[in-house]
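Structural overview
Residues per chain are reported as follows:
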There are 2 protein chains.
Amino acid sequence: MSTDLFSTYGDLLDRTARKVKQYAQRRFNAENYDITVDQWLILRNLNQNNDLNQSQLAEITDKDHPTLTRIIDLLCKKGLTERRIHPADRRSFNVHLTELGKHHVAEWSPKMAEIRMKAWENLTEADYKNLKRILDTIYKNLDGVKSEGTDKV
Amino acid sequence: MSTDLFSTYGDLLDRTARKVKQYAQRRFNAENYDITVDQWLILRNLNQNNDLNQSQLAEITDKDHPTLTRIIDLLCKKGLTERRIHPADRRSFNVHLTELGKHHVAEWSPKMAEIRMKAWENLTEADYKNLKRILDTIYKNLDGVKSEGTDKV
DNA sequence: TAATAATAGTTAGTGTGACAAATATCGGAA
DNA sequence: TTCCGATATTTGTCACACTAACTATTATTA
């Protein structure tokens, strides 16, 4: 494969991901939803699977632990989640979506879906499937190669 | 189009872009290249088009101005670039790739290309073209809608 | 049981992104 | 010439990503 042709896919991905996030955030702000895109990701996952501990939540949402710690801090400050001590393991917490949290997820979900759909104008379901396949392949190609060539570090 | 099907493309994009960046950064570190992925993007663009001012550079690289200011600060600290006063406009600088900067671009480029290619295993040129078309369409769909619905903000 | 390893989570440091506001300068109109 | 709206860059603040180091707790095992 030609090296040149593929040389900038990383920048392309980066700039598109940023655009998507930025667009969503602006729409959130416009609706006076006091929430960030990443915080919403956590809420959405908690809504489907409440009372996970932070490690499980980090796994599901592809966030690293320090990042998740801070996001949970912010969500707790807003009263949308709370940390409940794990009955059997005092090292870990169950992250619990509060009633207020559930309320906002229910209230905001329709608009969130609408906001997301904006990106798909002029694109088809086949495009989506292709995109998903390609991105998943890229992810897998680069995943789990943490130690490769890192002997000098 | 079904709303559910497309609901998580944002997370998919975000996580893939992060993986690509993370992989590249680890390889950079493994090679003892004292540079970040975003700094490299700037260097690469300067190499093709030296002595742009920061606004032009921000435009080309899709960085906002404050971010670019800080990246240039870091590159200047490393001696890879320097700010030269614009002969006609004292508000702006020409960002100049130094000899050291040029040297590193030349030295590092082959490895950078190799690192980028890793992501494309099991994928074809047609996949790349599709990916580019889809991401560009998404970008355009969301671009220039800054003010839409932002009346409350 | 005491020492050790592994796990859950937090904190700190650096780099980046978005946004708002400040500063300096430029260019044109009154 | 002076004023005023644009332009170029910087600074400050908050949020997130990644690494490394740290605390507390649990599990292992000698």
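So, a few notes on the structure that sits alongside this text. These numbers come from a predicted model, not from an experiment.

The rules behind the values
- Residues numbered from 1 in each chain as written.
- Chains lettered and ligands numbered in written order.
- Predicted model: local features only at pLDDT ≥ 70, side-chain atom pairs only at ≥ 80, totals over all residues.
- Heavy atoms only, no water.
- Near = heavy atom within 4 Å.
- Polar contact = N/O pair within 3.5 Å; in protein donor to acceptor, adjacent residues only side chain to side chain.
- Helix = DSSP H or I, 4+ residues; strand = E, 2+ residues; numbered from the N terminus.
- Least-squares fit on C-alpha atoms with pLDDT ≥ 70 in both.
- Contact = heavy atoms within 4.5 Å.
- Nonpolar A, V, L, I, M, F, W, Y, C, P; charged D, E, K, R; others polar.

**Some words on the protein's contact with DNA strand D**
Around DNA strand D lies a shell of 27 residues, among which Thr36, Lys63 and Thr67 of chain A together with Ser55 and Arg70 of chain B are the nearest. A share of 66% is what sugar and phosphate atoms reach among the atoms of DNA strand D within 4 Å of the protein. Contact between DNA strand D and Arg18 of chain B: a phosphate oxygen at 3.5 Å from a side-chain N or O atom of the residue. Broken down by secondary-structure element, the contributors of at least two residues to the surface near DNA strand D are helix H3 (37-48) and helix H5 (65-77) of chain A together with helix H2 (9-30), helix H4 (54-61) and helix H5 (65-77) of chain B. Considering each element in turn, the surface near DNA strand D owes the most residues, five residues, to H5 of chain A.

**Comments concerning the relation of the copies chain B and chain A**
Rotating chain B by 180 degrees and moving it 0.0 Å along the rotation axis overlays it on chain A with an RMSD of 0.1 Å. Considering both components of the superposition, the chain copies are consistent with a two-fold axis. Taking the C-alpha atom as reference, chain B places Leu131 of chain B closest to the rotation axis, 3.2 Å from it. Most of the interface of chain B is mirrored in chain A: 100% of its interface residues are interface residues there too.

**Some remarks on the protein's contact with DNA strand C**
In the vicinity of DNA strand C lie 27 residues, with Gln54 and Thr69 of chain A together with Thr36, Lys63 and Thr67 of chain B positioned nearest. Counting only the atoms of DNA strand C within 4 Å of the protein, the fraction contributed by sugar and phosphate is 73%. Here Ser55 of chain A contributes a backbone N or O atom positioned 2.8 Å from a phosphate oxygen of DNA strand C. The contact in question runs from a phosphate oxygen of DNA strand C to an N or O atom on the backbone of Arg90 of chain B, over 3.0 Å. Looking at the surface near DNA strand C, the elements that each hand over two or more residues are helix H2 (9-30), helix H4 (54-61) and H5 of chain A together with helix H3 (37-48) and H5 of chain B. Residues of the surface near DNA strand C, tallied by class, amount to five nonpolar, 10 polar and 12 charged.

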